[in-house]
Structure formats: C-alpha cells, structure tokens
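Each chain is listed here by its residues.
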Amino acid sequence: MPWEEATVHISSVGHASVSAAFEGVHSYWSAERGVLHGFRLRDHMQRLLDSLRLSWLEPEFDAVALVAATVELLASWEASGKDLYVRPWGFAAGTHKEQMVPRGTPAEIAIETWEFESKLGRGRTCTLAVSSWPRFNPGASPASMKVFSNYHNGRLGNVDARARGADWPVFLNGAGNVTESSGSCIALVKGGRIITPDLSSGVLDSITRKTLFQLAEEELGLTVEARPVERTELYLADEIFLMGTAAEVLPAVEVDGFRLGDGKTAGEVTRALEACYHDTVRAVTAKHDEWLTPVPAAPAR
C-alpha cells in the first residue's frame, strides 16, 4: 500500500503499542550482484515472534511467512541501487480502550519500509557520555524483549547526552556496570581483544552484535570476551564502537571527556571490523550468503 494511502484508525495501534514489539532490518543493495538483499531477515523475524510471545501476544504468522511478506514488500519498490529500511512490528489486534490487554490477545503485524542511507565507510565518529539515567531493570522488563516500551529509557538517555554535548549515552545497570547505548550495543577494544557487556548485564541479544563478533573471530582472528564491564574500562580503552541495525558500526572518539586514540578517527580494529561488515552486507564476499535474502526485481509495468 502506498504510504500516503494508509488509513488505520489510531485507536487500533495507540494503546495497543504498550505491548507492541518491533524489529529494525536493513536491506542493502549489492552493486557487485545487481540485487537487493535483506540482511538476516529470518533471524529478525524470529526475534520479533519471540518478543511477542514474551508479551503474551499471539500472531498468526511464522517467521517464514513474515520473510516472504517482507520480500514481497521490498520487491514492490523500484529500488534499484537503493538501500531500504524495514520495520516489522506486532501489536494487540483490534481496537482497545484498555492499556493492559489480556494474555493470549491476538497480534496483528505490520511491515513498513523506506529508503535509508548507509554510513558504512564514511569515516563518521561519535562522542559518548555515561547517562545520569540508569538502564531499566531487566527484572522488571526483560532486555531480551525488543518492545517499544523498553526504548523510552533510551530516549531519556539521548536527551541527557545531547544536553551535555555528547552524541549518544552509555547506560549503567544497578551494579554500576556498562550495558549498552540507546538502540545500539557497545564494545571496547583493549590490547587487541574485543570486550563487551554480557547478556546478563541487561543487554539486548543484538543480531548485529552476534554478526560482528562472528566476523571478528572467523575473519579477523580476534578474541571476543563477553563479561561484566566496569565504567572505568571505557576510559582506559584503546577503542570503543557502537553496533546495531541503525548504528551499523559507529566508532567513538571520546567518552565522558576521555579521548580515545587520537580523538578524531576510528581505531585499527574498528576500521577492520567495519570493512568486514560492509563487504558482508553488500555481498562483496560470498562467505556468509546464508545471511542474505535476495529480493527479486519489481515486475515491469
């Protein structure tokens, strides 16, 4: 359906969004192959279904059907040479006057898409600030659920970071250890090793995170260590980078005023990992074609 023609009553998605789950998926154009690929579509759709299950909502579609629907949607675009962002999300079906929908409520799923501009290989960097807002307690709302309600914490952190002159926040958990940024995971490099907060620290089980760490180990021969990370380890790191669907690979050059490296450019490990990720999502290499879902060209009109 064309964007401007969509007509869904606001009451169908307003209160229902309290329990809504979503995903963010990138589809990258491959100049080498002349085709658009959805990146790890199957994994994203399965995580969406897992989040809905943890929210006690019941969708009627499985991951295979959602992948097929996404490919159909992407193929309807005349998107040769363009990258497309995909946001599937599920919410309580029907209209609701109560915010607390009961267990077993059927879930509807919408999939929307728009163009985006990848920043891979552009030399971009960011600055970080440890947020005055702590990370939400995963004992109250599991960090493994990718639900809209969990992201309000990130928004507060964003506002706080920008007010202090930084680009993005870093959240600490109740133990004072590092968790993640807003909408992206975080890792540091120290002595050639990649160190990242473990999932029990209150971190989303990020698909981009898993992708990058697999590439780091298999393609670059690096050691990846997931464990609790203290705040001061950020200040003494050789490199820091954020990672996520939207962030892709985003090097940091400063955290709380502590300069990282030369304070201007990405470090050696981060640059190598970003290049490896670029070649994977752009299908420059065929080493991980199992992560790529090709999208057929739109039929001629």
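Looking at an unreviewed UniProt entry, the protein carries the name Aminotransferase class IV, with the source organism given as Streptomyces flavotricini. Check the Sequence similarities (unreviewed entry) section of the UniProt entry for the protein; it says "Belongs to the class-IV pyridoxal-phosphate-dependent aminotransferase family."

With that settled, the discussion passes to empty space enclosed by the protein. Taken as a whole, this structure holds one cavity of 30 Å³ or more when the rule is applied. Here the largest cavity defines a volume of roughly 50 Å³. Lining the largest cavity we find V25, H26, Y28, F39, H44, T208, T245 and Y277. Among the elements that take part in the lining of the largest cavity, strand β2 (residues 25–30) stands out by supplying three residues, more than any other.

It is worth spelling out the pairing of strand β13 (residues 248–255) at this point. Within β13, seven of the eight residues are buried, leaving the element largely enclosed by the surrounding structure. Bridge count for strand β7 (residues 126–130) against β13 is three bridges, and the pairing is parallel. Across the sheet, the residue bridging to L128 is V255, located in β13. Here strand β12 (residues 239–244) pairs with β13 via five bridges, running antiparallel. Counted as the bridge partner of M243 is V249 from β13. Turn length for the β12-β13 hairpin, with the two strands adjacent in sequence and antiparallel, is three residues. As judged from the two bridges shared by β13 and strand β14 (residues 258–259), these two strands associate in the antiparallel manner. Following the sheet pairing, V255 is matched in β14 by F258.

Scanning all chains against the criterion turns up 17 salt bridges. Here K82 ties to E115 by a salt bridge, and the two come within 3.2 Å at their closest N and O atoms. Taken together, the positions of K82 in the loop between α2 (63–75) and β5 (83–92) and E115 in strand β6 (residues 105–116) put the pair 33 residues apart, joining distant regions of the chain. Ionic pairing is found between K210 and D205, a salt bridge with its closest N-O pair at 3.8 Å. Taken together, the salt bridges that share partners define one network made up of D160, R164, R231 and D256.

To continue, consider the packing of helix α1 (residues 41–54) against α2. Close contact between α1 and α2 brings their axes to 9 Å; oriented N to C, the two are set at 125 degrees. The pairing of α1 with α2 is recorded here as oblique in orientation. Classified by chirality, the crossing of α2 by α1 is right-handed. Between α1 and α2, the residues in contact are L41, R42, M45, Q46, L48 and L49 and A63, V64, L66, V67, T70 and V71, respectively. Grouping the constituent residues of the contact of α1 with α2 by class yields nine nonpolar, two polar and one charged.

Turning to the packing of helix α4 (residues 207–218) against helix α6 (residues 268–281), a few remarks are in order. Interhelical geometry of α4 versus α6 gives an angle of 110 degrees and a closest axis separation of 10 Å. The angle between α4 and α6 falls in the class roughly perpendicular. Contacts between α4 and α6 involve T208, T211, L212, L215 and A216 from the first element and L273, C276, Y277 and T280 from the second. Here the residues of the contact of α4 with α6 sort into six nonpolar, three polar and no charged.

Next up on the list: the packing of aromatic side chains. All told, the structure shown has nine aromatic pairs when counted by the stated rule. Where F39 meets Y277, the ring centres are 5.9 Å apart and the plane angle is 85 degrees; that geometry is what we call edge-to-face. One end of the pair, F39, is in strand β3 (residues 35–39); the other, Y277, is in helix α6, with 238 residues separating them in the sequence. A relative accessible area of 5% means that F39 is categorised as buried. For the ring pair W89 and F91, a centre distance of 4.8 Å and an interplane angle of 40 degrees mean the geometry is tilted. With a relative accessible area of 14%, W89 lands in the buried category. What links up through ring pairs into an aromatic cluster is the set F22, W89, F91, F148 and Y151. Here the guanidinium or amino end of R162 rests over the ring plane of W168, the centre of that ring lying 4.6 Å away.

Counting 27 residues, the largest nonpolar core has Y28, F39, I194, F241, M243, L273 and Y277 as its most contacted members. Residue assignment for this core shows that the elements contributing at least two residues are β9 (185–190), α4, β12 and α6. Here this core gets five residues from one element, more than from any other, and that element is α6. When residues of this core are assigned to domains, at least three map to each of domain 1 (3–115) and domain 2 (126–281). What F39 contacts, discounting residues up to four positions off in sequence, is V25, H26, Y28, H44, T211, Y277, T280, V281, W291 and L292. If you look at the next biggest cluster of nonpolar residues, it comprises 25 residues, including L36, L52, L57 and V86.

Reading guide: rules and limits
For every chain, the first residue of the written sequence is number 1, and numbering continues from 1 along that sequence. pLDDT decides what is reported in this predicted model: residues at 70 or higher carry local features, side-chain atom pairs at 80 or more are listed and counted, and totals for whole chains, interfaces and linings draw on all residues regardless. Just so you know, side-chain values use all the structure's heavy atoms and leave hydrogens and water out. UniProt positions are given in the numbering used here, feature names are shortened, and annotations may be inferred rather than shown by experiment. Any residue with an atom within 4 Å of a point lines the site, the site being either a cavity, points on a 1 Å grid over the protein atoms alone where a 1.4 Å probe fits but cannot get out, or a pocket, an open set with protein on both sides within 12 Å along at least 5 of 7 lines. Grid points are joined across faces, edges and corners, and a volume is the space filled by probe spheres set on the points. Each helix corresponds to a stretch of at least 4 residues labelled H or I by DSSP, and each strand to a stretch of at least 2 residues labelled E; elements are numbered beginning at the N terminus. A 1.4 Å probe rolled over the protein chains alone gives each residue an accessible area, and that area as a share of the maximum for its type sets the label: buried under 20%, exposed over 50%, partly exposed in between. Think of it this way: DSSP has to see at least two bridges between two strands before they count as a pair. Between Lys or Arg on one side and Asp or Glu on the other, a salt bridge is scored when a side-chain nitrogen of the former is within 4 Å of a carboxyl oxygen of the latter. Think of each axis as a best-fit line through the C-alpha atoms, taken over the contacting stretch in the case of a helix, with angles from 0 to 180 degrees between the N-to-C directions. Oblique is the label for every angle not falling under 35 degrees (roughly parallel), over 145 degrees (roughly antiparallel), or within 65 to 115 degrees (roughly perpendicular). Left-handed is the label given to a crossing in which the near helix is rotated counterclockwise from the far helix by less than a right angle, and right-handed is the label when the rotation is clockwise. Contacts are assigned to residue pairs with any non-hydrogen atoms lying within 4.5 Å of each other. Each residue receives one of three labels: charged for Asp, Glu, Lys and Arg, nonpolar for Ala, Val, Leu, Ile, Met, Phe, Trp, Tyr, Cys and Pro, and polar for the others, Gly being one of them. Any two rings among Phe, Tyr and Trp, with Trp reduced to its six-membered ring, count as a pair given centres within 6.5 Å; such a pair is stacked if its planes are under 30 degrees apart, edge-to-face if over 60, and tilted if neither. Definition used: whenever NZ (Lys) or CZ (Arg) falls within 6 Å of the ring centre and also within 35 degrees of the ring normal, the charge is taken to sit over that ring. For the purposes of this section, nonpolar cores are sets of buried Ala, Val, Leu, Ile, Met, Phe, Trp, Tyr and Cys residues that join through side-chain atoms within 4.5 Å. Boundary definitions for the domains trace back to an automatic or database domain assignment.

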